[in-house]
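Commentary on secondary and tertiary structure
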Amino acid sequence: MTQTTPDLCDAFPDDVQVAGPIFRAFGGRDFFGGRIVTIRCFEDNSRVKEQVALPGKGKVLVVDGGGSMRRALLGDQLAQQAVANGWEGILINGCLRDVQIIATLDLGVQALAGHPMKTEKRGLGDVDVPVTFAGLTFVPGHWLCADANGVVVSNRLLLNAEHL
């Protein structure tokens, strides 16, 4: 059985940081975790498109969209590509769309809200830079685990690889 984020907090209280409870679960996976890959972008998901096209086994994409509630940084096509390339999950400080389809995919997805408007593609954004939101900093290469209870991060692996 997969551990939960409360289990991780109980077992490793000095090794985890907990994100503020601002996210809603949208994906088909209840629990997801892996090494953090980050993107910082604002209302432009060009870098998201590039990253989900890469192999993602054992990785979680953390997208800092600046908390924008005006554009969706992820839709069904990019989410399906993430599944095809083995990504464990995606955490978005912003919105997504195609909520009904994303809920059926074998992918952990948490975001602030759904929004029907797509982004403009301008090729803007930064990859693998520390990003700060929800009360903590997400560092590329650190570990993230998420479920319906919340999101926790650590600078060390807290689970066996079989749990991811």
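Notes on the structure follow.

Now for the pattern of salt bridges. Going through the model one piece at a time under the given rule, you end up with nine salt bridges. Arg70 is the salt-bridge partner of Glu43, the closest N and O atoms lying 2.7 Å from each other. With Glu43 in the loop between strand E3 (32-40) and helix H2 (46-52) and Arg70 in the loop between strand E4 (59-64) and helix H3 (76-84), this pair connects stretches of sequence that are 27 residues apart. With relative accessibility at 53%, the residue Arg70 sits in the exposed group. Residue Arg71 is joined to Glu120 by a salt bridge in which the shortest nitrogen-to-oxygen separation is 3.9 Å.

Let us now look at empty space enclosed by the protein. Per the stated rule, a full pass over the model turns up one cavity of 30 Å³ or more. Each pocket or cavity is described by its volume, and for the largest cavity that value is around 50 Å³. Taken together, 10 residues form the lining of the largest cavity, with Trp143, Leu144, Cys145, Ser154 and Leu158 sitting closest to its centre. When residues of the lining of the largest cavity are traced back to their parent elements, those giving at least two are strand E12 (143-147) and strand E13 (150-154). Taken together, the residues that form the lining of the largest cavity break down as eight nonpolar, one polar and one charged.

Now for the nonpolar core. Among the nonpolar cores identified, the biggest contains 22 residues, and Val48, Leu61, Val63, Leu74, Ile90, Ile92 and Leu107 are the most heavily contacted of them. Elements represented by at least two residues in this core include exactly E3, H2, E4, H3, strand E5 (89-93) and strand E7 (108-111). Judged by nonpolar contacts, the second largest core, of 18 residues, contains Phe32, Val131, Phe138 and Val153.

We now examine the layout of surface pockets. The space that makes up the largest pocket amounts to roughly 210 Å³. The greatest single-element share of the lining of the largest pocket, amounting to three residues, is contributed by H3. Its residues assigned to classes, the lining of the largest pocket shows four nonpolar, four polar and six charged.

What counts, and where the lines are drawn
- Residues numbered from 1 in each chain as written.
- Predicted model: local features only at pLDDT ≥ 70, side-chain atom pairs only at ≥ 80, totals over all residues.
- Heavy atoms only, no water.
- Salt bridge = Lys/Arg side-chain N within 4 Å of Asp/Glu carboxyl O.
- Helix = DSSP H or I, 4+ residues; strand = E, 2+ residues; numbered from the N terminus.
- Buried < 20%, exposed > 50% of the residue type's maximum accessible area, 1.4 Å probe, protein only.
- 1 Å grid on protein atoms, 1.4 Å probe; cavity = no way out; pocket = protein on both sides within 12 Å on 5 of 7 lines; lining within 4 Å.
- Points joined across faces, edges and corners; volume = space filled by probe spheres on them.
- Nonpolar A, V, L, I, M, F, W, Y, C, P; charged D, E, K, R; others polar.
- Core = buried A, V, L, I, M, F, W, Y, C linked by side-chain atoms within 4.5 Å.

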